[in-house]
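Residue strings, one per chain:
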Number of protein chains: 2
Amino acid sequence: MGLESIRIVLARPLYGGNVGSVCRAMMNMGFSRLVLVEPRAGNDAELRKMAMHAIPIYDQREEYPTVAEAVADCGVVVGTTARMGLYRAHARTAREWAGPILEASGANQVAFVFGPEDRGLRNDEIALCTHIIQIPSTDAYASLNLAQAVMICCYELYVATGSFEPVEEKAGAAASEQRERMFRMWRETLLDIGFMEEPKADHMMHGLRRILSRDLLSSSDVKILMGIARQAQWCAKKAREAQNRPS
Amino acid sequence: MGLESIRIVLARPLYGGNVGSVCRAMMNMGFSRLVLVEPRAGNDAELRKMAMHAIPIYDQREEYPTVAEAVADCGVVVGTTARMGLYRAHARTAREWAGPILEASGANQVAFVFGPEDRGLRNDEIALCTHIIQIPSTDAYASLNLAQAVMICCYELYVATGSFEPVEEKAGAAASEQRERMFRMWRETLLDIGFMEEPKADHMMHGLRRILSRDLLSSSDVKILMGIARQAQWCAKKAREAQNRPS
C-alpha cells in the first residue's frame, strides 16, 4: 500500500499554471509521479510560479501521446468526471473510493486520469477506466478547476493513509487533582478580591467550572490559571494592608 | 445549520489569481460570502480568468480594514494554519472540525480566516480564533496554495452537509431471477459455440460468475449479456446448418 505506485495523469492540459498547481498539490499530499498526455503549449513562467517548491515533480514528468499508453501497465485506472451519463453510471465519490484504491495500490500500479480544463475526458478515455470518481460539488457550479480536482483526490488518498497527525498538546491534560487544586485557589481568590461572598460562592464556582471545562485543560493551562489566582491574592492582601495602615 | 452563515475571510491576499480561484472553489462547494481584509493590488484579469462563472462572488465581496472587524459579529472564528507553535496547540484537522462547525453554523455566524500566501495569519489574528484547523499535508511540503486550502475547508464542510449524492445507476440491480436466466443462457451458448463441453461446464460457469459478480449488475447490464448470448447462439446455429448443408 503506497502512494508511490499511484501516478497522476493529465490528458491534454491547456494551462501551464494549472499544471504547476497540480505539482504543488501532489507534493503537499505525498505524490511524485506526474504523467502528461499531449500537453498543449503551457505558460512556463506561470507553471513555475504555481509549482513553487514542487517544480522537481514537473522536471521529472513523463509524457505519452495517448492516455492508453500512459496507463498501459496499470491494474487500476481511475477516471474523474463531473459529467453524468453514458459510461459514468458507476461513479462513487472520491472519499468512497479512496480506501479501496489505496488498498489496491499495494499490489498494482494505479493511475488517476484527469481530462483537459475545457472538456474533461473523452468517452474512449473513460472506457479505459476501472473506477470512476465524482467529486462532490453543487449543481450551481459543478465544474472544479483542474488542480482543485487533483488536490481533492490526492487529499482523500493521503488522509486515507492515516499518516497525518494533527498537532498534539504536548503538555497533556491536567490530572483531576491538579484541576481541583486550581479551582480551590480560584474560589479563595474570588472571595479574597471581593468578587463574590460565601453564600453565592458555590454557584459562581459552578459557572467558572463550566467556562473552564469546554475542552481539556493542559497542565500548563492550569499553571497559568493558578499563577493568576496567586497574584490576585497577593494584590488583595496588599490592598487590605493599605486599608488597615494608619494614614 | 447552513453554509450561508459561513463566510470566507482572506487576510491581505497577494495574488488576484488566488482570489479568483477561491471564488470558484466557494461556488463549487455552495458558499457565497467572501470577505477581504486589506487586499493588495491584485491582477484583475487573472482574478476573473480563475474565478470563471464564480465572479459574482467577487463582485459581491465585503472589505474590512482588519480581521477583527471582519469577524466582529461571529460566534465561531476558525483560523487555518500550517505552522505549529504558540496558540496553535489545539489544532484539529479540517475533517474533525467540519461536523461540529457545521452544527454551530445553525445558530452562529461563522468565519473561516485564511492568511496571506507568503506568511499565514499573524499571532494577533490567530488569537481571535475559537477553532484552529490544520490541513493534512506532508512534512516535505506542508504549505498549500491559498485557494487549495480554502477548497479543502469548503469541501469538508460541503461533504459534512450530506447533501451530495453520487450518480446512481438508474436501472437498479438486476433481480436474482433475471441474473440466473442470463447465466443459463450463457451456459447453453458456451456449449453451443463449442467454447466448453459438458464435463467442464460447471467449473467454467463458476469462473464466469466470478467475473460478472465483482459489482452489482444492473437490469440493463443483464439485458446486454443476454443479447450477446442470444446472438452467439444464432451464429452457432447458422454455422451448424452450413456444415450440414450438402456442398
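In short, a report on the structure.

1. What to know about the side chain of Q233(A)
Residue and element names in this part refer to chain A.
Working step 1: Within the element layout of this structure, Q233 appears in helix 10 (residues 219–244).
Working step 2: Looking at Q233, its side chain comes within polar contact range of the side chain of E188, at 3.5 Å.
Working step 3: Of the polar contacts made by the side chain of Q233, one reaches the side chain of T189; its length is 3.2 Å.
Working step 4: Setting aside residues no more than four positions away along its own chain, Q233 makes contact with M185, E188, T189 and D192.

2. Topic: empty space enclosed by the protein
Working step 1: For the structure shown, the criterion picks out one cavity of 30 Å³ or more.
Working step 2: N18(A), S21(A), M50(A), N145(A), A147(A), Q148(A), N18(B), S21(B), M50(B), N145(B), A147(B) and Q148(B) together form the lining of the largest cavity.
Working step 3: Elements that contribute at least two residues to the lining of the largest cavity include exactly helix 1 (16–28) and helix 7 (146–161) of chain A together with helix 1 (16–28) and helix 7 (146–161) of chain B.
Working step 4: Within the lining of the largest cavity, the residues separate by chemical class into four nonpolar, eight polar and no charged.

3. With respect to helix 1 of chain B
Residue and element names in this part refer to chain B.
Working step 1: A rise of 1.5 Å per residue sets the reference length of helix 1, with its 13 residues, at 18 Å; its end C-alpha atoms lie 19 Å apart and thus fit the reference within 8%.
Working step 2: Buried residues dominate helix 1, accounting for 12 of its 13 residues.
Working step 3: Considered for burial, the residues of helix 1 that qualify are G16, G17, N18, V19, G20, S21, V22, C23, R24, A25, M26 and N28.
Working step 4: Directly beyond the C-terminal end of helix 1, a positive phi value near 90° is found at G30.

4. Looking at the interface of chain B and chain A
Working step 1: Contact residues are listed per partner, giving 51 residues for chain B and 51 residues for chain A.
Working step 2: Between chain B and chain A, a total of about 4300 Å² is buried, with carbon and sulfur atoms accounting for 56% of that surface.
Working step 3: Taken together, chain B and chain A are joined by two salt bridges.
Working step 4: E156(A) is paired through a salt bridge with R95(B); the nearest N and O atoms lie 2.9 Å apart.
Working step 5: For the side of chain B that touches chain A, the elements supplying multiple residues, two or more each, are helix 1, helix 2 (44–51), strand 5 (92–93), helix 5 (94–104) and helix 7 of chain B.
Working step 6: Top element by residues in the side of chain B that touches chain A is helix 7 of chain B. It accounts for eight residues.
Working step 7: In terms of residue class, the side of chain B that touches chain A is built from 27 nonpolar, 13 polar and 11 charged.

5. Section: unusual backbone geometry
Leave glycine aside and you will find that most residues have negative phi; peptide bonds, for their part, are mostly trans.
Working step 1: Positioned with a positive phi, E38(A) is a non-glycine residue whose angle comes to about 45°.
Working step 2: On the accessibility criterion, E38(A) (46% relative accessible area) is partly exposed.

Parameters at a glance
- Counting starts from 1 at the beginning of each chain's written sequence and moves along it residue by residue.
- Just so you know, chain letters begin at A and ligand numbers begin at 1, following the order they were written in.
- Totals for whole chains, interfaces and linings use every residue, but because this is a predicted model, local features are given only for residues with pLDDT of at least 70 and side-chain atom pairs only at 80 or more, for both listing and counting.
- Computation of side-chain values: all heavy atoms of the structure, hydrogens and water removed.
- Numbering of helices and strands starts at the N terminus; helices are DSSP runs of H or I of at least 4 residues and strands are runs of E of at least 2.
- A 3.5 Å cut-off defines polar contacts: any pair of N or O atoms within that distance qualifies, except that in protein one atom must be a possible hydrogen donor and the other a possible acceptor, and neighbouring residues in sequence count only when both atoms are side-chain atoms.
- Whether two residues are in contact is decided by their heavy atoms, any of which lying within 4.5 Å being enough.
- Using a 1 Å grid laid over the protein atoms alone, points where a 1.4 Å probe fits but cannot get out form a cavity; open sets with protein on both sides within 12 Å along at least 5 of 7 lines form a pocket; any residue with an atom within 4 Å of a point counts as lining.
- Grid points are joined across faces, edges and corners, and a volume is the space filled by probe spheres set on the points.
- Note on residue categories: nonpolar means Ala, Val, Leu, Ile, Met, Phe, Trp, Tyr, Cys or Pro, charged means Asp, Glu, Lys or Arg, and polar means any other residue, Gly included.
- Expected helix span is given by 1.5 Å per residue-to-residue step, counting one fewer step than there are residues.
- Burial classes: relative accessible area under 20% of the type maximum marks a residue as buried, over 50% as exposed, and values in between as partly exposed (1.4 Å probe, protein chains only).
- Here the buried area means the combined drop in accessible surface, using a 1.4 Å probe, for two parts upon being joined, counting both sides.
- Salt bridges are identified by distance alone: a Lys or Arg side-chain nitrogen within 4 Å of an Asp or Glu carboxyl oxygen.

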